[in-house]
Amino acid sequence: MDPTEALFEQVYEAYGPSLYRFCLLQMKNPADAEDVLQDVLIKRLYQAPRFKSPEHERNWLFQVALNLCRDEWRRHRRSELPLEAAAGVALPPEELSLLEQTANLPEKQRTALHLYYYEGYPVREIARLLGVTVPTVKMRLKRGREALRKEWVEP
């Protein structure tokens, strides 16, 4: 097997599903999420720095994914499609429901919530990835949780 193919399989196996969920949450469209994921993986194969650890690689991948999602939104100002279009995505129904509710939040809140709860990043690392302060991340998490709580209480 070609070394590039081996690296692609290794990276995709390790990070593909979580990166796809993250891109889907940002893009709100399965096809766009797949496109961004493909771009992230291409950047990983051909433009990535040397990583000190798997955690360093993971952080880099999520930072690239976030930047590419933001660039895509700015470039195309895509219309938002409901996440029901993601019916083919292999997620449990309760997780898809939470993903839909989270997708309705402002980008800054949904990004912080996803990185914290789905990907397990600590607050300090989220702050570093997003280029904001720790109190800013804590506030985004708090406001996001409050918005979700309100959504659940008032259907």
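Since this is a predicted model, take the numbers as computed values, not measurements.

1. Comments concerning the packing of helix 1 (residues 3-27) against helix 5 (residues 107-118)
Here comes step 1: Running from N to C, helix 1 and helix 5 point in directions that differ by 160°, and their axes come no closer than 10 Å. In terms of orientation, helix 1 lies roughly antiparallel with respect to helix 5. Between helix 1 and helix 5 the crossing geometry is right-handed. Within the contact between the two elements, helix 1 uses Ser18, Arg21, Phe22, Leu25 and Gln26 and helix 5 uses Glu107, Arg110, Thr111, His114, Leu115 and Tyr118.
Here comes step 2: For the contact of helix 1 with helix 5, the per-class residue count stands at 4 nonpolar, 4 polar and 3 charged.

2. Re the packing of aromatic side chains
Here comes step 1: In the structure shown here, the tally under the stated rule is 5 aromatic pairs.
Here comes step 2: Taking the centre distance of 5.4 Å and the plane angle of 75° together, the rings of Phe22 and Phe62 count as edge-to-face. With Phe22 in helix 1 and Phe62 in helix 3 (residues 54-76), this pair connects stretches of sequence that are 40 residues apart. Of the two residues examined, Phe22 and Phe62, each falls in the buried class.
Here comes step 3: Relative to Trp60, the ring of Phe51 has its centre 5.6 Å away and its plane inclined at 65°; by these criteria the two rings are edge-to-face.
Here comes step 4: Relative accessible area serves as the criterion here: at 19%, Trp60 is assigned to the buried category.
Here comes step 5: Its guanidinium or amino end placed over the ring of Tyr121, Arg58 lies 4.4 Å from that ring's centre, counting from NZ or CZ.

3. Points about helix 5
Here comes step 1: Helix length check: helix 5 (12 residues) gives 15 Å between terminal C-alpha atoms against 16 Å at 1.5 Å per residue, within 8%.
Here comes step 2: Along helix 5, the residues classified as buried are Gln109, Arg110, Thr111, Ala112, Leu113, His114 and Leu115.
Here comes step 3: The positive-phi residue at the C-terminal boundary of helix 5 is Gly120, with phi of around 75°.

Reading the values: rules and limits
- Residues numbered from 1 in each chain as written.
- Predicted model: local features only at pLDDT ≥ 70, side-chain atom pairs only at ≥ 80, totals over all residues.
- Heavy atoms only, no water.
- Axes fitted to C-alpha atoms, helices over the stretch in contact; angles between N-to-C directions.
- Helix = DSSP H or I, 4+ residues; strand = E, 2+ residues; numbered from the N terminus.
- Parallel < 35°, antiparallel > 145°, perpendicular 65-115°, else oblique.
- Left-handed = near helix turned anticlockwise from the far one by under 90°.
- Contact = heavy atoms within 4.5 Å.
- Nonpolar A, V, L, I, M, F, W, Y, C, P; charged D, E, K, R; others polar.
- Phe/Tyr/Trp six-rings, centres within 6.5 Å; stacked < 30°, edge-to-face > 60°.
- Buried < 20%, exposed > 50% of the residue type's maximum accessible area, 1.4 Å probe, protein only.
- Lys NZ or Arg CZ within 6 Å of the ring centre and 35° of its normal.
- Expected span 1.5 Å × (residues − 1).

Read these as spatial facts, not as claims about activity.
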